[in-house]
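Structural characterization, general
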Amino acid sequence: MDSNKYVLDHFDDFFVVLFEKNNKVNKLVILKEKFTIDAKEGDLLEIQINAGKSGYDFKIIQDEVDETKQRVLDLIEGLKRK
């Protein structure tokens with residue numbers, strides 16, 4: 001099974017809209033009822049298409065999110081010092 005990394009962009013009335021990490025052209029739209037993870041907008045997810053279950057397997061990638069958040073905070077601190 002292939003898996004890709006997506007950023008949760010927003011929730012619609014019936015859908016969840018995600019964009020592939022580092023490529024906003026590739027969009028993935030999933031029915032809310034098939035979105036079986038407690039994630040919020042901005043979360044980075046690893047998504048595998050699971051043909052056997054007619055759905056998806058989701059995993060929140062917290063390590064990369066924490067690293068990115070720390071880099072942004074460091075940049076902000078650097079700007080404050082100038």
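Now for a look at the structure at hand. Just so it is clear, the model here is predicted, and its values are computed rather than measured.

For the rest of this paragraph, the subject is a nonpolar patch on the surface. Together, Phe14, Phe15, Val29 and Leu31 line one region of the surface with nonpolar side chains, adding up to about 370 Å² of accessible area. Among the structural elements, leucine 31 can be located in strand β3 (residues 23–31). The exposure class assigned to leucine 31 is partly exposed, which follows from its relative accessible area of 37%.

Once that is clear, we can look at unusual backbone geometry. Among all residues except glycine, the phi angle is most often negative; among peptide bonds, the trans geometry is most common. In the Ramachandran plot, asparagine 22 falls in the positive-phi region, its phi being about 65 degrees despite a non-glycine side chain. Counting through the fold element by element, asparagine 22 comes out in the loop between β2 (15–20) and β3.

Core analysis: the biggest nonpolar cluster contains eleven residues, these being Tyr6, Leu8, Val16, Leu18, Leu28, Ile30, Phe35, Ala39, Leu45, Ile47 and Phe58. Listing elements by their share of this core, those giving two or more residues are β1 (3–11), β2, β3 and β4 (44–50). Discounting residues that sit within four places of it in the chain, valine 16 has contacts with Leu8, His10, Phe11, Leu28, Val29, Ile30, Lys32 and Phe35.

As a further point, take the pairing of β2. Direction of pairing for β2 relative to β3: antiparallel, over a ladder of six bridges. Paired with valine 16 across the bridge in β3 is isoleucine 30. Between β2 and β3, which pair antiparallel and follow one another directly, the connecting turn spans two residues, one of which, asparagine 22, has a positive phi of 65 degrees.

Rules behind the numbers
Residues numbered from 1 in each chain as written. Predicted model: local features only at pLDDT ≥ 70, side-chain atom pairs only at ≥ 80, totals over all residues. Heavy atoms only, no water. Patch = residues over 30% accessible without salt bridge, like charges linked within 9 Å, V, L, I, M, F, W, Y side chains within 5 Å. Areas by Shrake-Rupley, 256 points an atom, 1.4 Å probe, with all protein chains shown as cover. Salt bridge = Lys/Arg side-chain N within 4 Å of Asp/Glu carboxyl O. Helix = DSSP H or I, 4+ residues; strand = E, 2+ residues; numbered from the N terminus. Buried < 20%, exposed > 50% of the residue type's maximum accessible area, 1.4 Å probe, protein only. Core = buried A, V, L, I, M, F, W, Y, C linked by side-chain atoms within 4.5 Å. Contact = heavy atoms within 4.5 Å. Pairing = 2+ DSSP bridges.

Distances and angles like these do not, on their own, reveal function.
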